[in-house]
Amino acid sequence: MIHYNLFGKVNKLDFKPRQYIRLILREIFNSEHLKGDYAVSFIIVNNEEIHKINKEYRNIDRPTDVISFAVMDGNNHQLDYELGDIYLSYEKIIEQAKEYNHSNIREFSFLITHGMLHLLGYDHMNPKDEEIMFKKQDDILNKVGIVR
C-alpha cells in the first residue's frame, strides 16, 4: 500500500490531481510487484520555486518540470520505507501540455509517472536505460488510459 501527501499549489490545476495520483500509483505498484507500505510526497510549486530547487540541487539555472528526491536508493522493494518527494511545476505542466498538444491531465500524469520511476531507481542517463524507462512510462500511462 502506498500512502501519499499532496502539498502546494494544487488549486492552480484545472483538475483534481488526487484521483490521477492514485490511479498511477496503483498501476506502478502492480507493474513493479511492490508489496508493503510505502510513502511519497508530491509538492506542486511554481516555476520560480522549482528553478531555485533545480539550481541548488542540480546546479541547473532554469526551471524544470519535475524533480524527484529519493529517500532510499536501491532495488530492494520488499522493505517498507519512505520513497521520497516529487516536486512538480504547475506552470510547466500547463506550458508543456500546450506545447505537446495534449491535456494538462496527461502532462501531469506523465510527470507523476516519470518522478515515481526515478524514486524506484529507474533513470535515463544512457540510451539503454532511457529506452527501458520511457517504455515503462508509456506502458503505465496506456494501461490507465491516459494517452496523447
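Heads up: the structure comes first, above all this text.
Criteria and cut-off values
Residues numbered from 1 in each chain as written. Predicted model: local features only at pLDDT ≥ 70, side-chain atom pairs only at ≥ 80, totals over all residues. Heavy atoms only, no water. Buried < 20%, exposed > 50% of the residue type's maximum accessible area, 1.4 Å probe, protein only. Pairing = 2+ DSSP bridges. Helix = DSSP H or I, 4+ residues; strand = E, 2+ residues; numbered from the N terminus. Axes fitted to C-alpha atoms, helices over the stretch in contact; angles between N-to-C directions. Contact = heavy atoms within 4.5 Å.

Chemist: Please clarify how unusual backbone geometry should be interpreted in this entry.
Modeler: Trans peptide bonds make up the majority, and among non-glycine residues the majority have a negative phi. For His33, which is not a glycine, the phi torsion comes out positive at approximately 55°. The residue Asn101 is not glycine, and still its phi comes out positive at about 60°. The exposed category is assigned to Asn101, whose relative accessible area is 72%.

Chemist: Please explain the sheet that holds strand E4 (residues 81-89) as it appears in this structure.
Modeler: In spatial order, the strands read E1-E2-E4-E3; together these four strands make up an open sheet with mixed pairing. Every interior strand has two partners, whereas the edge strands, strand E1 (2-8) and strand E3 (66-70), have only one. Averaged over neighbouring strand pairs, the angle between their axes works out to 15° when direction is ignored. Note that E1 and strand E2 (residues 38-45) share seven bridges and pair parallel. Bridge assignment links Leu6 to a residue of E2, and that residue is Phe42. Along the sheet, helix H3 (residues 90-99) makes contact with E2 and E4, crossing E4 at roughly 60°. Relative to E4, helix H4 (residues 104-119) is tilted by about 145°, and along the sheet it contacts E1, E2, E3 and E4.

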